[in-house]
Amino acid sequence: AQRVTQPEKLLSVFKGAPVELKCNYSYSGSPELFWYVQYSRQRLQLLLRHISRESIKGFTADLNKGETSFHLKKPFAQEEDSAMYYCALSGGSYIPTFGRGTSLIVHP
Amino acid sequence: DTEVTQTPKHLVMGMTNKKSLKCEQHMGHRAMYWYKQKAKKPPELMFVYSYEKLSINESVPSRFSPECPNSSLLNLHLHALQPEDSALYLCASSHPVRGDGANVLTFGAGSRLTVL
């Protein structure tokens, strides 16, 4: 079985502060991990995937197999980062399992 | 074309009505999905079609009936819905493969359904 845990339902920070959205997963094999983002009134879209090891909109995420984590980080949050963030895991199948989501609010 | 298009954007229906939601993509994706999303909640998987065949039905009530007429189109037929079925219905597509991060889902904007 595979599971994704996003422990924080809501994360509230001020502009310019660092932000870390936590994601832990449970899967015995080699996982594929993704972060999706849903801005207000926009469609759900891919933010980044672990295999690319890239930075998108200043966000990065590193797969830590020892801690079974894939936390999303940004050193300086911006107001436009306010959105719902979903961590997703593809384990044995191509069909992803989504976490419950974390609502990020960045205050001016 | 890199989008998933869903119609209608909004739908209001009574509990005795029959209606359909439509989804279209021209990215050559051979997996297509229906999700249900309530406010501030993650998308809940309903159905998956792979190469036009239904491969996953997440125990969805029979008042929801999916159809995949061809590799570009996905429909969701609705009949005798309940008020609790009111939600945003999302269509998505992807390559039905695992590996190299290829199975990225592309989502449509959704059809917001209200059942009176």
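Rules used throughout
Residues numbered from 1 in each chain as written. Chains lettered and ligands numbered in written order. Predicted model: local features only at pLDDT ≥ 70, side-chain atom pairs only at ≥ 80, totals over all residues. Heavy atoms only, no water. Contact = heavy atoms within 4.5 Å. Buried area = accessible area lost by both parts, 1.4 Å probe. Salt bridge = Lys/Arg side-chain N within 4 Å of Asp/Glu carboxyl O. Helix = DSSP H or I, 4+ residues; strand = E, 2+ residues; numbered from the N terminus. Nonpolar A, V, L, I, M, F, W, Y, C, P; charged D, E, K, R; others polar. Buried < 20%, exposed > 50% of the residue type's maximum accessible area, 1.4 Å probe, protein only. Disulfide = S-S within 2.5 Å. Pairing = 2+ DSSP bridges. Axes fitted to C-alpha atoms, helices over the stretch in contact; angles between N-to-C directions.

A. Focus on the interface of chain B and chain A. On the chain A side, the residues contacting the 30 residues of chain B number 25 residues. In this assembly, chain B packs against chain A so that about 2,000 Å² is buried in total across both faces, 55% of it on carbon and sulfur atoms. On the chain B side of the contact with chain A, R98(B), N103(B) and F107(B) bury the most area, a combined 29% of that side's loss. Our count for the chain B to chain A interface comes out at 0 salt bridges. Looking at the side of chain B that touches chain A, the element that brings in the most residues is strand β4 (residues 31-37) of chain B, giving 4 residues. Its residues assigned to classes, the side of chain B that touches chain A comprises 16 nonpolar, 9 polar and 5 charged.

B. Representation of the pattern of salt bridges in the model. In this structure the tally under the stated criterion is 5 salt bridges over all chains. The shortest N-O distance in the salt bridge between K74(A) and D81(A) comes to 2.9 Å. Exposure remark for K74(A): the relative accessible area of 10% places this residue in the buried category. Its salt-bridge partner being R63(B), residue D85(B) comes within 2.7 Å of it at the nearest N-O pair. Placement of the pair is D85(B) in the loop between β8 (73-79) and β9 (87-94) and R63(B) in the loop between β6 (53-57) and β7 (64-70), with a sequence separation of 22 residues. Looking at R63(B), the relative accessible area reads 23%, which means it is partly exposed.

C. Structural context of the state of the cysteines. Considering all chains together, one arrives at 2 disulfides over all chains under this definition. Paired by a disulfide, C23(A) and C87(A) hold their sulfur atoms 2.0 Å apart. Sign of the S-S torsion, about -65° for the bond between C23(A) and C87(A), identifies this disulfide as left-handed. With C23(A) in the loop between β3 (19-21) and β4 (24-26) and C87(A) in strand β9 (residues 83-90), the pair connects residues that are 64 residues apart, well separated along the chain. A relative accessible area of 0% means that C87(A) is categorised as buried. With no disulfide partner, C68(B) has as its closest neighbouring cysteine sulfur the one in C23(B), 9.2 Å distant.

D. Representation of the sheet that holds strand β7 (residues 60-61) of chain A. Residues and elements named next belong to chain A. The 3 strands are arranged β3-β8-β7 in an open sheet whose pairing can be described as antiparallel. Each end of this open sheet is capped by a strand with a single partner; those strands are β3 and β7. As paired elements, β7 and strand β8 (residues 72-74) share 2 bridges and run antiparallel to each other. Pairing of A61 across the sheet is with L72, part of β8.

E. The pairing of β7(B), seen in detail. Residues and elements named next belong to chain B. In this structure, β7 lies alongside β8, joined through 5 bridges in antiparallel fashion. Residue pairing across strands places F64 opposite L78, the latter belonging to β8. Between the antiparallel neighbours β7 and β8 lie 2 residues.

F. Focus on the sheet that holds β8(B). Residues and elements named next belong to chain B. As summarised here, the arrangement of the 4 strands in space is β1-β3-β8-β7, forming an open sheet in which the pairing is antiparallel. Taken across any chain shown, the strands that pair with only one partner, and hence form the sheet edges, are β1 (4-7) and β7. The mean angle between the axes of side-by-side strands here comes to 20°, regardless of whether they run parallel or antiparallel.

G. Summary view of the side chain of S90(A). Tracing the sequence through the fold places S90(A) in strand β9. The exposure class assigned to S90(A) is buried, which follows from its relative accessible area of 0%. For S90(A), the contacting residues outside a window of four places in its chain are Q2(A), P31(A), E32(A), F34(A), I95(A), P96(A), R98(B) and N103(B).

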